[in-house]
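# Close look at the chain arrangement
This is what each chain is made of:
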Amino acid sequence: MSTFYLCSKNHSIVGQMDTYLAFHRDNRHRKTEDHEKNFNPSFPSRHNVSEESARPNYVNNSPTSPYHLGRDVPSDEAINKIRTANSVTISPELFEKIYLNPQNAVKGELRNTFANPTPLALLGFLLSLSPLSCELMGWRGAGGDGIATVGAYYFIGGFLMSLGGILEFFLGNTFSFVVFCSFGGFWFTLGSTLTPSFNAYGAYAADPNQPAQGLTSPGFHASFGFFLLFMGLLSLIYLICALRTNLVFVAIFLGLLLTFVILTGAYWHTALGHTEMAERLQVAAGAFGFLATLAGWWIFFAQMLASVDFPFQIPVGDISHLITPFSERVKQKERYPA
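Residues numbered from 1 in each chain as written. Predicted model: local features only at pLDDT ≥ 70, side-chain atom pairs only at ≥ 80, totals over all residues. Heavy atoms only, no water.

A few words on the overall build of the protein. Looking only at helices and strands, one finds 12 helices and two strands in the protein. Going from N to C terminus, the protein has its helices and strands arranged as α-α-β-β-α-α-α-α-α-α-α-α-α-α. For the protein, buried positions account for 34% of its 338 residues. Residue pairs in contact within the protein that sit at least 24 positions apart in sequence constitute 64% of those at least 6 positions apart. Accessible surface, the protein as shown: approximately 20,900 Å² in total, 64% of it carbon and sulfur. (Helix = DSSP H or I, 4+ residues; strand = E, 2+ residues; numbered from the N terminus. Buried < 20%, exposed > 50% of the residue type's maximum accessible area, 1.4 Å probe, protein only. Contact = heavy atoms within 4.5 Å. Areas by Shrake-Rupley, 256 points an atom, 1.4 Å probe, with all protein chains shown as cover.)

Laid out in structure tokens, this is it:
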């Protein structure tokens, strides 16, 4: 009698448990269907996210997101959902690594629509300065004040840096725009100065029929030295501004500053007839220029790795947090007037 009662009681409990589990299984399936029907790719609110989707679900020790895209979602639909969600954020360090520019707010979706022009302009800078630095140092018997690579100054340094600077302008990156366009103009100027048809140095030749004599004339070296001096001043301004970016960018402008200043001294010593000192200064200028290109190749490599989402990234030494932006100081004063 008692045995029959216990068996009946256990059978009743099992039946209740099966009913309870079936109810919750159907309820969970219904909520999942409602969530899929009411999926909204924009930022979710309490009205368009179901209770089940709002609750964290840990799979592989990571919470799911309402922006999760399954394997069966077509690529075009996935891209559209990501663009509509507008949930992709980028850290200031990564932004400055990619654009060489402090992060700023720009209206529109140009940065998400078009390619990043910064590596292209940086490549034009590197493929021009790297061989010039080797020529200034006289490696493997090189010389001639960089005349051998005058074509690179036009079609790589001047063209690519100017093109990249103009594209940076449309993306709203003011600092990169000014830097690239100014150095693009420098390469065009250097190339035209060394081109015989421009007669820049031919005007200083004692014999008009031998314009190459102007390259060794004191007047040409004394005059061209001023252009290099003010390029050094420009590099100093860029160096101060680069303190809001990263250490690699600081190293580039520091190397350029020393290159232009020392090269100015080399030209002025040549004008005074101090040939031995001028040659030493020229080698030193080429060495600092080469160091600047090493830093440039490093950040170019970092940008290319980031562009293809490589499994590892190389650091560039973010220092933007060391100097408080002026806009943040204004906000702090408005928040705490005292």
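Structure shown, so let's carry the discussion forward.
Bringing helix α9 (residues 218–242) into the picture now. Its 25 residues give α9 an end-to-end C-alpha distance of 36 Å, which sits within 8% of 36 Å, the value for a rise of 1.5 Å per residue. Among the residues of α9, F220, H221, F224, G225, L228, M231, G232, S235, Y238, L239 and A242 are the ones counted as buried. Buried residues in α9 make contact with α8 (174–193) and α10 (247–271). (Expected span 1.5 Å × (residues − 1).)

Any two aromatic rings considered together are summarised by their centre-to-centre distance and by the angle between their planes. Here the structure, examined in full by the defined rule, presents 26 aromatic pairs. Between the aromatic rings of Y238 and F253, the centroid separation amounts to 5.4 Å while the plane-to-plane angle is 55°, which identifies the pairing as tilted. Of this pair, Y238 sits in helix α9 while F253 sits in helix α10; the two residues are 15 residues apart in sequence, bridging distant segments of the chain. This pair shows no difference in class: Y238 is buried, exactly as F253 is. A centroid spacing of 4.8 Å and a plane angle of 55° characterise the contact between F249 and F253, whose relative ring orientation is tilted. With F249 and F253 both in helix α10, this residue pair falls four residues apart, about one helical turn. Accessibility assignment for this pair places F249 and F253 in one class, buried. (Phe/Tyr/Trp six-rings, centres within 6.5 Å; stacked < 30°, edge-to-face > 60°.)

Close contact between helix α6 (residues 118–137) and α8 brings their axes to 11 Å; oriented N to C, the two are set at 35°. Pair α6 / α8 crosses with left-handed handedness. For the pair formed by α6 and α8, the contact residues are T118, A121, L122, F125, S128, L129 and L132 on the first element and F180, W187 and L190 on the second. Looking at the contact of α6 with α8 residue by residue, the classes come out as eight nonpolar, two polar and no charged. (Axes fitted to C-alpha atoms, helices over the stretch in contact; angles between N-to-C directions. Left-handed = near helix turned anticlockwise from the far one by under 90°. Nonpolar A, V, L, I, M, F, W, Y, C, P; charged D, E, K, R; others polar.)

The next point concerns the UniProt feature "transmembrane region" (unreviewed entry) in the protein. Residues annotated in UniProt with the feature "transmembrane region" (unreviewed entry) correspond here to residues 120–139, 151–170, 177–198, 218–240, 247–269 and 281–301. Between the first and last C-alpha atoms of residues 120–139 the distance is 27 Å; the span itself is 90% helix and 0% strand. Spanning residues 218–240, this segment combines 100% helix with 0% strand, and its end C-alpha atoms are found 34 Å apart. (UniProt positions renumbered as here; feature names shortened; annotations may be inferred.)

Let's shift gears to a nonpolar patch on the surface. Residues F226, L229, F230, L233, L236, I237, I240, L243, W268, L322 and I323 make up a contiguous nonpolar surface patch of about 990 Å² in total accessible area. Tallying contributions element by element places α9 first for the nonpolar patch, with seven residues. Here L243 is to be found in the loop between α9 and α10. (Patch = residues over 30% accessible without salt bridge, like charges linked within 9 Å, V, L, I, M, F, W, Y side chains within 5 Å. Salt bridge = Lys/Arg side-chain N within 4 Å of Asp/Glu carboxyl O.)

This part is about the side chain of T193. Note on placement: T193 falls in helix α8. Side-chain polar atoms of T193 contact the backbone oxygen of T189, separated by 2.7 Å. Contacts of T193, omitting those with residues within four sequence positions, involve A200, Y201, F220 and F224. (Polar contact = N/O pair within 3.5 Å; in protein donor to acceptor, adjacent residues only side chain to side chain.)

This part is about the environment of L229. Position of L229 among the secondary structure elements: in helix α9. As for L229 and T264, which are separated by 35 residues in sequence, their C-alpha atoms are 5.7 Å apart. Contact partners of L229, with chain neighbours within four places excluded, come to T264 and W268.

Right, let's get into the packing of α6 against helix α11 (residues 275–307). The angle between the axes and the distance between the axes are what describe a pair of packed helices. Two numbers describe how α6 lies on α11: the axes approach to 8 Å, and their chain directions differ by 155°. Judged by the angle between their axes, α6 and α11 are roughly antiparallel. Here α6 and α11 pass one another in a crossing that is left-handed. Its residues placed into classes, the contact of α6 with α11 shows 16 nonpolar, nine polar and no charged. (Parallel < 35°, antiparallel > 145°, perpendicular 65-115°, else oblique.)

Close inspection of predicted coordinates is inappropriate for parts of the model with low pLDDT. Predicted confidence across the protein gives a mean pLDDT of 77, with 66% of residues reaching 70 or more. Here strand β1 (residues 58–59) is the element of the protein with the lowest mean pLDDT, 41, and α10 is the one with the highest, 96. Every residue in residues 1–14 scores below 50 in pLDDT, and together they form zero contacts with partners more than four places removed in sequence or on other chains. Considering only residues more than four positions removed or in separate chains, one finds that residues 81–90, a stretch of pLDDT under 50, has 14 contacts. (pLDDT = per-residue confidence, 0-100.)

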